[in-house]
Amino acid sequence: MLFRSDESNEVSTTVDRNPSLSVTKTVADGSETADHAGQVLSYSIAVTNDGNVTLDAPSISDANAVVSASYTGDTDEDGQLDVNETWTYTATHTVTQAEMDAGADIVNVASATSGDATDESNEVSTTVDRNPSLSVTKTVADGSETADHAEIGRAHV
């Protein structure tokens, strides 16, 4: 029996890449309600690699909040969002007088993008608690806090 040593057989297996990420934005304690201009609302933004490939560091944006450049969760500190890894960012929004005057909920939308993964976003709302109030203070302008006589013949309107 003769054997040929130059024969080989090749088999291919398709690699099914599924780059995917998810974003979850939550309101931090104390930021569920806005009740005055200048109030700082705090948020947490969690970005999770729920695909099957490592992703480049995600880019986070929120048009209505300032997102911190720092984050937690890069367990191996390689600057890449590994499969099943979640990075958590913080964000803040300062309530404006225009938002208080409008009285509508303050809506913040966080978006994340990374490499091949489809951009994802998530929004949260903070209730604006309007409490319109008016007070009136009356004072005597000329310093005469006491009256010592009545005027006759003068009509008061």
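A short tour of the structure in this document, coming up. (Residues numbered from 1 in each chain as written. Predicted model: local features only at pLDDT ≥ 70, side-chain atom pairs only at ≥ 80, totals over all residues. Heavy atoms only, no water.)

1. A short note on the nonpolar core
And step 1. One finds Leu21, Val23, Ile45 and Val47 to be the most contacted residues of the largest nonpolar core, which totals 23 residues.
And step 2. Mapped by element, the contributors of at least two residues to this core are strand E1 (21-27), strand E3 (40-49), strand E8 (86-94), strand E9 (106-114) and strand E10 (117-128).
And step 3. A per-element tally of this core places E3 first, with 4 residues.
And step 4. Those residues in contact with Ile45, other than ones at most four positions away along the chain, are Val23, Thr24, Lys25, Ile60, Val67, Trp87, Thr88, Tyr89, Ala91 and Ala110. (Core = buried A, V, L, I, M, F, W, Y, C linked by side-chain atoms within 4.5 Å. Buried < 20%, exposed > 50% of the residue type's maximum accessible area, 1.4 Å probe, protein only. Helix = DSSP H or I, 4+ residues; strand = E, 2+ residues; numbered from the N terminus. Contact = heavy atoms within 4.5 Å.)

2. With respect to the pattern of salt bridges
And step 1. One pass over the full model with this rule turns up 2 salt bridges.
And step 2. Put simply, Asp116 and Arg17 hold a salt bridge, and the shortest N to O gap is 3.1 Å. With a gap of 99 residues between them, Asp116 in the loop between E9 and E10 and Arg17 in the segment before E1 connect regions that are remote in the sequence.
And step 3. Given the relative accessible area of 55%, Asp116 is considered exposed.
And step 4. As a salt-bridge pair, Lys25 and Asp62 come within 2.1 Å of each other at their nearest N and O atoms. Of this pair, Lys25 sits in strand E1 while Asp62 sits in the loop between strand E5 (59-61) and strand E6 (66-72), and the two are 37 residues apart along the sequence. Both residues of the pair, Lys25 and Asp62, count as buried. (Salt bridge = Lys/Arg side-chain N within 4 Å of Asp/Glu carboxyl O.)

3. Here we look at the sheet that holds E3
And step 1. With antiparallel pairing, 4 strands are arranged side by side in an open sheet as E1-E3-E8-E6. Here the strands that pair on one side only, and so sit at the sheet edges, are E1 and E6. Pairs of neighbouring strands in the sheet enclose a mean axial angle of 25°, with direction left out of account.
And step 2. Across 4 bridges, the pairing between E6 and E8 is antiparallel. When the sheet's bridge partners are listed, Val66 is paired in E8 with Thr92. (Pairing = 2+ DSSP bridges. Axes fitted to C-alpha atoms, helices over the stretch in contact; angles between N-to-C directions.)

4. Structural notes on the sheet that holds E10
Sheet strands line up and pair through hydrogen bonds in the backbone, either parallel or antiparallel.
And step 1. In spatial order, the strands read E2-E10-E9-E5; together these 4 strands make up an open sheet with mixed pairing. A strand with exactly one partner marks an edge of an open sheet, and here the two such strands are strand E2 (33-34) and E5.
And step 2. When E9 meets E10, the two strands line up antiparallel, connected through 8 bridges. Across the sheet, Asn108 pairs through a bridge with Val124, a residue of E10.

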